[in-house]
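Descriptive structure summary
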Amino acid sequence: MTSSPKDGAASAPTKRARRGIRLHTDPPPVSFPPSGFPIATVANRFGAVEQRELVNWSALVERLTHTKPGPKDGPAWLPADIDPGPRSAERVRAWSVLPLDVEATTHGTGAAKTVVGLEPPPLAEILDELQASGWRCIGHTTHSHLDPTIQPTDREHHRYRLVFALSRPLAPAEIRPLGLHLAAVLGLSECVDAKCLEPARLLYLPRCPQERLEHFQARAVEGEPLDVDRLLEAAQHAEAMLRAVSQAPPPAHSTPQDGPSVITAFNEAHDPGELLTRHGYIPKGRGRWLHPASSSGMPGVRLLSETGKVYSDHGGDPLADGHPHDAFDLYRILAHGGDQKTAVREAARLLGLSRGGSSRRESRHEPPIEAPPPAPPEDLDDSAPPSLPPENLRLGQYLWRGGEFYLVRVSVGRGADASPTESTTKLANFSAIVTEERQRDDGETVENATLLTIFQPRGGRITETLVEIPTDRFAGLTWITPKLGHHFVVTAGNSIRDHLRACIQTFSAHFQVQTRRVYTHSGWRKIGGELHYLHAGGAITAHGARDDLAVDLPDPRYHLPAPPAPPELREAVRATLRLVDLSTAQPGIGAVQLARIAAPPLAPWVRLDWGVFVVGRTGCLKTELAALAMAHYGQFHARALPGSWESSEGALLLQAHAVKDALFEIDDFNPSGAAHDQAQLAKKADRVFRGAANAAGRERLTADIRLRKGQHPRGLVSASGEDLPPGRSLRARLWTVELDVGSIDLSKLTACQRDAAQGVYRQSLAGYLQWLAGRADDLGAKLPTRYESLRTQAPEALRAHGRIPSNLAGLTVALETFVTFAVDVGALESDQAHALLVRLVGALQAQAKNQADIQDQSEDATRFIEMLRAALATGRAHLVDAAHWPATRPPTMHAALLGWRGRIRQKDDPDDGPRYEEQGELIGYVEGTRGEVWLMPDAAYSVVSRIARDQNAGALRTQARLGRALVEKGYLRSGEGRNVGYRHGRRGITPPRVWCLPMAKLVEGGE
């Protein structure tokens, strides 16, 4: 245990740079008094501030590096300048030091506390790193350090506090930004408790349970205080940079204008960390690296989890330019000194691509579509134009000179001896050559696009830009300003644009433009007679992976690795199978989890006209469950799922249309706000799920009056939320999983999240797809027959609910197929597979009964009766006794349940007068002798519709359709009238037609 010899939090400035952050050479605007800096003390967590005192750094070290045995609650302190009195944030003037509480994120309380986040490094390791960086700090373990009750118990759980000296007092508004930025610099963002950055947060003095007293650790590190102003400036810059990255289009070098083919392929093939290590950067753990020329020893290069890019604030690091960098950026800067053109050319050579190389970037129940084989990559080298056309290259009447196009005109003077003369007219301050004609194939339609290389002289050199445009927009040249900007100018004049168009085509023909097919969807396609499963990185076939196909998806995270070798595949499949044990309380959860992973690739052979919806209140971990399923299909996690209900309907349909034969998760269906907002959300959900089930979208007309096919989801749509979308028809298309809080085993969830983060699930799916591709013919013969057999053999009780047997059959086929695959690759034995299937299918069949109840809850006839009961019970409507009409008398039985309230008898009431008062509107009559209720349809429908609107429960059917539904469900008795459900009333007493209900349907025991 050591302490710093320097008292006071402020110290003389130094010129040494650490991680690109230099200390001030001028005095800070506010400094600590010579006597020390203020802190406050409290007796316990319920106490007010007892004392404000001035301490120096040595005194604080003495307090925080010694512990006492005992419970957690006890004497505490605040790193704040606050007077004695209430402990509230508004009374805090400033902080004198900066504490960070470091611990893994947990779920639950007490003995049920379970780690669900990343574990921090040991205290000794982080203190050694801080000592190398020269930052003054105190570190000590906290009360729950190495607590053996925290789950899982097979590893140590380090918990500690770091207290940093500051160059000046910290204003309350500066506390959180500085603390979070410092955590990011240290690689502790996932492990710092943000609550410790609340201005009035108390900090317990070191205390430790008696049985763990030997595990207490504390140490002071010598060095300089944190330079508050420099760190805050860096925090603001980092926040602005991340905001710009999330809101702005990608930088120029990674857009289609600058060669997305090579750049994206390079990014997909290379890991940024490997490139850094290859160029001498020293890995320091937690996504951080040390620049090889660093003198501070503090790793200043870190991986940004928000973007997957690398950011550096090392002084003297060529990467420290204030921008985040992907893998290609690192290659361009570190290997080629920032030369974009050379980096693209060399990357293409390394990848075996041409300059225009491989870009990164089917009906649901139909067989895979046969597509023409792609052009081999080696054929494209001849089609790519040279880096620059030869100077003064002339083709016909057009000339290329210095990166610009010119029109050459020939004129002949008058007279016999006149000779022809030439003059040139600049067509534009740039030139363009068609590099590639692309056929963008989404599996249903093919749209042509043109890839052009744009040359422009700028700053003494000629720049190159790649731009892709729809082919039908090429001739008009209207794409120039939107795609290139105002610096690209076409010369004014009659016919100039027409000449420029002809010039581009003439020069392009000189380089023999080739055609490339670009697939814009995932899923199965037949290419060259072989079945391929497309994803953002290429395709998977029965023979392995292909990376020479151009696939451009709206979401490039749908990216799969090559199928692993058999030993790795067996372990990966076993990891996927462990998902079925996530909940012992609700075994159906694991069954549906495995089924929604296995089902999407079966779409060519099995009808997937259903979706999955996980419903539960906040805290039941439904998003985490969805993330584990999505982790099979790409680089997804709980904070980065492919869809969100906040997106527009059109955006969701566009995404889901491209995600063919794959899982598409839409997170957080939460109807809230005004009734209009809830109705719009319900409409969006209906359009998405109904489009997926019916394999049909909204068709439109193009500008030339041709039919354009509508876009609809072509994968399995899965969603989660706190409530189900309304409507019986929609809910019939969903397999609903009701998730309870506490039903997920947190220790198993943590292990599964670790598998997902390591890419194990993607390996499992890649092997599954390869297995399916190799058995496509056999599956095409067996799976439809098995599906129909399961559907027709469903129990009689389920067949009354039309879609439930089909949904159950689809889920069961998916489970059977994946378990068969697991047996074939050696992940399961045959007897294990049989027992597993019996358990999972049994859980699904138990869930199927709940599906019927869920659908009945949304059925209009049932909803009408329930809301009618509510209207009568709450006094919004009433019924009268038909025998005493026109006198308004309460029914002889159940008056309190039929819209009447008892009242105190008045002295002037007649002896036989009513002792009840009617409530709300009159909606019908009670015929006691027959045990019937006669409802006036218009009045009853109006009252119930208002209740449905007030509850945002979705509109009812029309009155006529509702009447028929009430008869079908057995609520109404058929009468003599030509409309079922009606009975003619007694002449002069009741309306000519009423809805006739048995009293027992409305009031329990009403017979």
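Source: prediction; values computed, not measured. (Residues numbered from 1 in each chain as written. Predicted model: local features only at pLDDT ≥ 70, side-chain atom pairs only at ≥ 80, totals over all residues. Heavy atoms only, no water.)

1. Quick notes on the overall build of the protein chain
We count it as follows: Here a helix means four or more residues in a row that DSSP labels H or I, a strand means two or more in a row labelled E, and each is numbered from the N terminus. Any residue under 20% of the maximum accessible area for its type is buried, any over 50% is exposed, and the rest in between are partly exposed; the area is computed with a 1.4 Å probe on protein chains only. Each accessible area is a Shrake-Rupley result for a 1.4 Å probe, and residues are judged covered by the shown protein chains and nothing else.
Helices and strands together make up the secondary structure of the protein chain, namely 27 helices and 47 strands. Residues counted as buried form 52% of the 1007 residues belonging to the protein chain. With an accessible surface of roughly 43,900 Å², the protein chain has 50% of that area assigned to carbon and sulfur atoms.

2. Some words on the nonpolar core
Taken as a class, soluble globular proteins show a tendency for nonpolar side chains to be buried jointly. Formally: As used here, the term nonpolar core means buried Ala, Val, Leu, Ile, Met, Phe, Trp, Tyr and Cys residues forming a set that is joined through side-chain atoms within 4.5 Å.
Grouped together as the largest cluster of nonpolar side chains are 113 residues, with contacts concentrated most on Tyr 558, Val 573, Trp 605, Trp 645 and Tyr 768. In terms of residue count, helix H22 (residues 804-824) provides more of this core than any other element does, 11 residues in total. If you look at the next biggest cluster of nonpolar residues, it comprises 42 residues, including Val 49, Leu 186, Leu 231 and Leu 232.

3. Section: the sheet that holds strand E36 (residues 663-669)
Put simply, the rule reads: Any two strands with at least two DSSP-identified bridges between them are counted as paired. Contacts are assigned to residue pairs that have any heavy atoms within 4.5 Å of one another. Fitted lines through C-alpha atoms serve as axes, helices being fitted only where they are in contact, and the angles separating the N-to-C directions of these axes extend from 0 to 180 degrees.
Spatially, the five strands line up as an open sheet ordered E35-E36-E39-E34-E40, and their pairing is parallel. At either end of the open sheet lies a strand with only one pairing partner, and these are strand E35 (643-644) and strand E40 (734-738). Set on the sheet, helix H15 (residues 649-658) makes contact with E35 and E36; between it and E36 the angle comes to about 155°.

4. Points about the environment of His 143
In this fold, His 143 is placed in the loop between strand E11 (137-141) and strand E12 (160-170). Separated by 73 residues in the primary sequence, His 143 and Gly 70 place their C-alpha atoms 9.0 Å from one another. Not counting the four nearest positions on each side in its chain, His 143 is found in contact with Gly 70, Pro 71, Lys 72, Arg 207, Cys 208, Pro 209 and Arg 212.

5. Considering the packing of helix H13 (residues 587-598) against H22
Applied cut-off: Should an angle lie under 35 degrees it is considered roughly parallel, over 145 roughly antiparallel, and from 65 to 115 roughly perpendicular; all remaining angles are considered oblique.
The N-to-C vectors of H13 and H22 enclose an angle of 80°; their axes lie 8 Å apart at closest approach. As summarised for this structure, H13 and H22 are arranged roughly perpendicular, according to the angle between their axes. Contact residues: Ala 591, Leu 594, Ala 595 and Ala 598 in H13; Leu 811, Ala 814, Leu 815 and Phe 818 in H22.

6. Observations concerning the packing of aromatic side chains
Put simply, the rule reads: Pairing of aromatic side chains requires ring centres within 6.5 Å, counting the rings of Phe and Tyr and the six-membered ring of Trp. Pairs whose planes differ by under 30 degrees are stacked, by over 60 edge-to-face, and all others tilted. Consider the ring centre and the ring normal. A charge sits over the ring if Lys NZ or Arg CZ is within 6 Å of that centre and within 35 degrees of that normal.
Under the counting rule described, the total for this entry stands at 18 aromatic pairs. Pairing Phe 864 with Trp 995 gives two aromatic rings, centres 5.9 Å apart and planes at 85°, and the pair type is edge-to-face. Of the two residues, Phe 864 sits in helix H24 (residues 860-873) while Trp 995 sits in strand E47 (residues 993-998), which places them 131 residues apart along the sequence. On the basis of relative accessibility, which here comes to 0%, the residue Phe 864 falls in the buried class. Overall, Trp 995 belongs to the buried group, its relative accessible area being 0%. Through a chain of ring-to-ring contacts, the aromatic side chains of Phe 613, Trp 645, Phe 669 and Phe 689 assemble into a single cluster. Lying across the ring of Trp 57, Arg 136 places its NZ or CZ 5.8 Å from the centre. One residue, Arg 401, lies across the ring of Tyr 406, its end atom 5.2 Å from the ring centre.

7. A look at the packing of H13 against helix H14 (residues 622-630)
Let me state the cut-off plainly: Crossings are assigned a handedness: left-handed for a near helix turned anticlockwise from the far helix by less than a right angle, right-handed for a clockwise turn. Lys, Arg, Asp and Glu make up the charged group, whereas Ala, Val, Leu, Ile, Met, Phe, Trp, Tyr, Cys and Pro make up the nonpolar group; the residues left over, Gly among them, are polar.
It is the contact of H13 with H14, at a shortest axis distance of 9 Å, that shows an interaxial angle of 35°. Along this stretch, H13 crosses H14, giving a crossing that reads as right-handed. Residues Ile 589, Gln 593, Arg 596 and Ile 597 of H13 pack against Leu 625, Ala 626, Leu 628 and Ala 629 of H14. Here the residues of the contact of H13 with H14 are counted per class, giving six nonpolar, one polar and one charged.

8. Notes on the pattern of salt bridges
When the charged atoms of two side chains with opposite charge come close together, those side chains can pair. Test applied: The term salt bridge refers to a side-chain nitrogen of Lys or Arg lying within 4 Å of a carboxyl oxygen of Asp or Glu.
Scanning the model with the defined rule gives 41 salt bridges in all. For the salt bridge of Asp 128 with Arg 219, the shortest nitrogen-to-oxygen distance reads 2.9 Å. In this pair, Asp 128 sits in helix H2 (residues 123-133) while Arg 219 sits in strand E15 (residues 218-221), placing the two residues 91 residues apart along the sequence. For Arg 440, the salt bridge is made with Glu 468, and the minimal N-O distance between the two is 3.1 Å. Of this pair, Arg 440 sits in strand E25 (residues 431-441) while Glu 468 sits in strand E27 (residues 461-470), and the two are 28 residues apart along the sequence.

9. Side note on the pairing of E27
Taken across its 10 residues, E27 has seven buried, putting it largely inside the fold. Both strand E26 (residues 446-458) and E27 contribute to a ladder of 10 bridges, which runs antiparallel. Each residue of the ladder has a partner; that of Gln 456, found in E27, is Thr 463. From the end of E26 to the start of E27, which pair antiparallel, there are two residues, and Gly 459 there has a positive phi angle of about 65°.

10. A short note on the sheet that holds strand E33 (residues 550-551)
Remark on secondary structure: sheet strands pair via backbone hydrogen bonds, oriented parallel or antiparallel. Strand order across the open sheet formed by five strands is E27-E26-E25-E28-E33, with mixed pairing between neighbours. Every other strand in the sheet has two partners, leaving E27 and E33 as the edge strands with one partner each. When E25 meets strand E28 (residues 514-519), the two strands line up parallel, connected through six bridges. Within E28, the residue paired with Arg 438 across the bridge is Arg 516. Lying over the sheet, helix H11 (residues 496-510) contacts E25 and E26, oriented at roughly 75° with respect to E25.

11. So, a negative patch on the surface
The following threshold applies: For patches, a residue must show more than 30% relative accessible area and have no salt bridge; joins then use 9 Å for like charges and 5 Å for nonpolar side chains, namely Val, Leu, Ile, Met, Phe, Trp and Tyr. All tallies of charge rest on Lys and Arg as positive and Asp and Glu as negative; His and the ends of each chain are not included. Note on charges: their place is set at NZ of Lys, CZ of Arg, CG of Asp or CD of Glu.
The grouping of Glu 646, Asp 668, Glu 722 and Asp 723 at the surface amounts to a negative patch. With respect to the element layout, Glu 722 can be found in the loop between strand E39 (716-721) and helix H17 (728-732). According to the relative accessible area criterion, Glu 722 is partly exposed, its value standing at 35%.

12. Let's talk about the pairing of E15
Burial of E15 is two-sided: the residues Ala 218 and Ala 220 facing one way and the residues Arg 219 and Val 221 facing the other way are all buried. Pairing of E11 with E15, which is carried by four bridges, proceeds in the antiparallel orientation. Paired with Cys 137 across the strands is Val 221, a residue of E15.

13. Describing the confidence of the model for the protein chain
The condition is simple: Predictor confidence is given residue by residue as pLDDT, running from a minimum of 0 to a maximum of 100.
Residues of the protein chain with pLDDT of at least 70 account for 80%, and the chain-wide mean is 80. The model gives residues 1-29 a pLDDT under 50, and that stretch makes 86 contacts with residues more than four places away or in other chains. Across residues 248-260, where pLDDT falls below 50, the model places 29 contacts with residues more than four positions away in sequence or in other chains.

14. A short note on H24
Keep this limit in mind: Working rule for helices: expected span equals 1.5 Å times residues minus one.
Along its 14 residues, H24 runs 20 Å from first to last C-alpha, staying within 8% of the 20 Å computed at 1.5 Å per residue. Burial runs high along H24: 10 of the 14 residues are buried. Residues Asp 860, Ala 861, Thr 862, Arg 863, Phe 864, Ile 865, Met 867, Leu 868, Ala 871 and Leu 872 constitute the buried set of H24. Phi turns positive, to about 80°, at Gly 875, one or two residues after H24.

15. Focus: the side chain of Ser 764
If you trace the backbone, Ser 764 turns up in helix H19 (residues 760-774). Those residues in contact with Ser 764 that lie beyond four places of it in its chain are Leu 569, Ala 572, Val 573, Thr 576, Phe 818 and Phe 821.

16. Considerations on the environment of Glu 174
Put simply, the rule reads: Pairing of N or O atoms within 3.5 Å defines a polar contact, subject to two protein rules: one partner must be a possible hydrogen donor and the other a possible acceptor, and residues neighboring in sequence count only if both atoms are side-chain atoms.
Examined against the element boundaries, Glu 174 turns out to sit in helix H3 (residues 172-185). As a C-alpha pair, Glu 174 and Pro 199 span 25 residues in sequence and 9.9 Å in three-dimensional space. Among residues more than four places away in sequence, those in contact with Glu 174 are Arg 168, Pro 169 and Leu 232. In terms of polar contacts, Glu 174 uses its side chain to reach the side chain of Arg 168, at 3.0 Å.

17. Side note on helix H1 (residues 57-64)
In an α-helix, one turn spans 3.6 residues, which is why side chains three or four residues apart end up on the same side. Where we set the bar: Along the arc lie the directions from the helix axis toward the C-beta atoms.
If you check which residues of H1 are buried, you get Trp 57, Leu 60, Val 61 and Leu 64. An end-on view of H1 places all buried positions within 105° of arc, on one side of the element. The N-capping residue of H1, defined by a side-chain oxygen 3.3 Å from the backbone nitrogen of Ser 58, is Asn 56.

18. Let's talk about unusual backbone geometry
Following Gln 151, the chain continues into Pro 152 via a peptide bond in cis, with omega recorded as -10°. Along the chain, the position of Pro 152 falls in the loop between E11 and E12. A positive phi angle, near 65°, is found at Ser 495, a position not held by glycine. Take Ser 495: it is sitting in the loop between helix H10 (480-484) and H11. Phi is positive for Asp 668, which is not a glycine, with a value near 70°. As for its position among the elements, Asp 668 is in strand E36.

19. A look at the environment of Val 615
Mapping Val 615 onto the fold places it in strand E34 (residues 611-615). Separated by 108 residues in sequence, Val 615 and Asp 723 have C-alpha atoms that sit 6.0 Å apart. In this structure, Val 615 is in contact with Gly 721, Glu 722, Asp 723, Leu 724, Thr 736, Val 737, Glu 738 and Leu 739, ignoring residues within four places of it in sequence.

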